[in-house]
Amino acid sequence: MKSKITSSVSLSGSSHEYQKNNIKNMSKRFLFVLSTVFLLNSAPSIYSQTIKPGEKLVFAGSYNMSGLMTQLAQVTMSTETVATAKNTYLHLNCELSTYSKWDSFFKIRDIYESYVNPLNLKPSLYKRSIDEGGYTKKEKYTFKGNTVNSTVKKRNKPETQKTFTIGSSTQDVISLLYKVRTMDFSKFKVGQTQSLIIVFDEKQIPVTLKYMGKETINCGNLGKKECYKLSIGAKTDALRGKDQNLIWLTADAKKVPALLKFSIPVGTGQLVLTSATGI
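Model, not experiment: these values are computed from the prediction.

What to know about the overall build of the protein chain
Reasoning step 1: For the protein chain, the count of helices and strands is four helices and 14 strands.
Reasoning step 2: Looking at the protein chain as a whole, 48% of its 279 residues qualify as buried.
Reasoning step 3: Partitioning the intrachain contacts of the protein chain with sequence separation of at least 6 by distance along the chain shows that 52% fall at a separation of at least 24.
Reasoning step 4: When the accessible area of the protein chain is evaluated, it comes to approximately 12700 Å², of which 49% is carbon and sulfur surface.

Some points on empty space enclosed by the protein
Reasoning step 1: In the structure shown here, the tally under the stated rule is two cavities of 30 Å³ or more.
Reasoning step 2: Size it by volume and the second largest cavity reaches roughly 30 Å³.
Reasoning step 3: Of all the secondary-structure elements, those providing two or more residues to the lining of the second largest cavity are strand 5 (123-132), strand 6 (135-144) and strand 9 (193-200).
Reasoning step 4: Residue composition of the lining of the second largest cavity, by class: five nonpolar, no polar and three charged.

Description of the side chain of Lys137
Reasoning step 1: Looking at where Lys137 falls in the secondary structure, it is placed in strand 6.
Reasoning step 2: In contact with Lys137, other than residues within four places in its own chain, are Arg128, Ser129, Ile130, Val152, Lys153, Lys154 and Asp201.

Criteria and thresholds
- Residues numbered from 1 in each chain as written.
- Predicted model: local features only at pLDDT ≥ 70, side-chain atom pairs only at ≥ 80, totals over all residues.
- Heavy atoms only, no water.
- Helix = DSSP H or I, 4+ residues; strand = E, 2+ residues; numbered from the N terminus.
- Buried < 20%, exposed > 50% of the residue type's maximum accessible area, 1.4 Å probe, protein only.
- Contact = heavy atoms within 4.5 Å.
- Areas by Shrake-Rupley, 256 points an atom, 1.4 Å probe, with all protein chains shown as cover.
- 1 Å grid on protein atoms, 1.4 Å probe; cavity = no way out; pocket = protein on both sides within 12 Å on 5 of 7 lines; lining within 4 Å.
- Points joined across faces, edges and corners; volume = space filled by probe spheres on them.
- Nonpolar A, V, L, I, M, F, W, Y, C, P; charged D, E, K, R; others polar.

What follows is the structure in structure tokens.
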């Protein structure tokens, strides 16, 4: 199997290292692009009536390798209730894993978690744990009002701590994956844009979203559905091209993310919804 995979994508010498770097970049960009598109958090008075515990969304992640869109990984998003002595939280979990046939080439096991208020989805705690080809990194963000206390531990490096200030509408990347589903896109006009902020890698990143209308697409086990289409732009080198980073959300009360296409400096890829349960 390994030799078959190697020959199919010409993984030899410098080409092998180039493809490994592409996959590593892809894992980081998956969550960055997903999060930026869900930044429509401009109405803090809107409360979530659709995000419930027990949801599970599964996506197939593909990357353009040697001219072919190749499925490399699975992204799974799930929700559950977590109760402490003082509070009850909605635990939002997102996991990215390469398929087993790719593990011997470049194994990825990334976990992103957010613990939020179940009504308004404001985060109290965000955690990120990545293991990509043996490189490990753990992050922990604690939210207190407009202040974030972060702790970061990279492989073979001392743990670092940082405190920084965020805006009132800025959240972590995972809680924003769900916040968008409280918004009413029927009020948006084609071409309408909105500038917002996301926290990623211990800093705030400006993002611009553009509403591009509706399209009917295949939504996995949900069948064909009419979807809202959005374009993503950001003041970062992570994204490339105009209107080449796109997301489709089902045009119903749930607004389930069904398809994501992205263009980054090292290539193009997509996330396709394969299964949605508990919604």
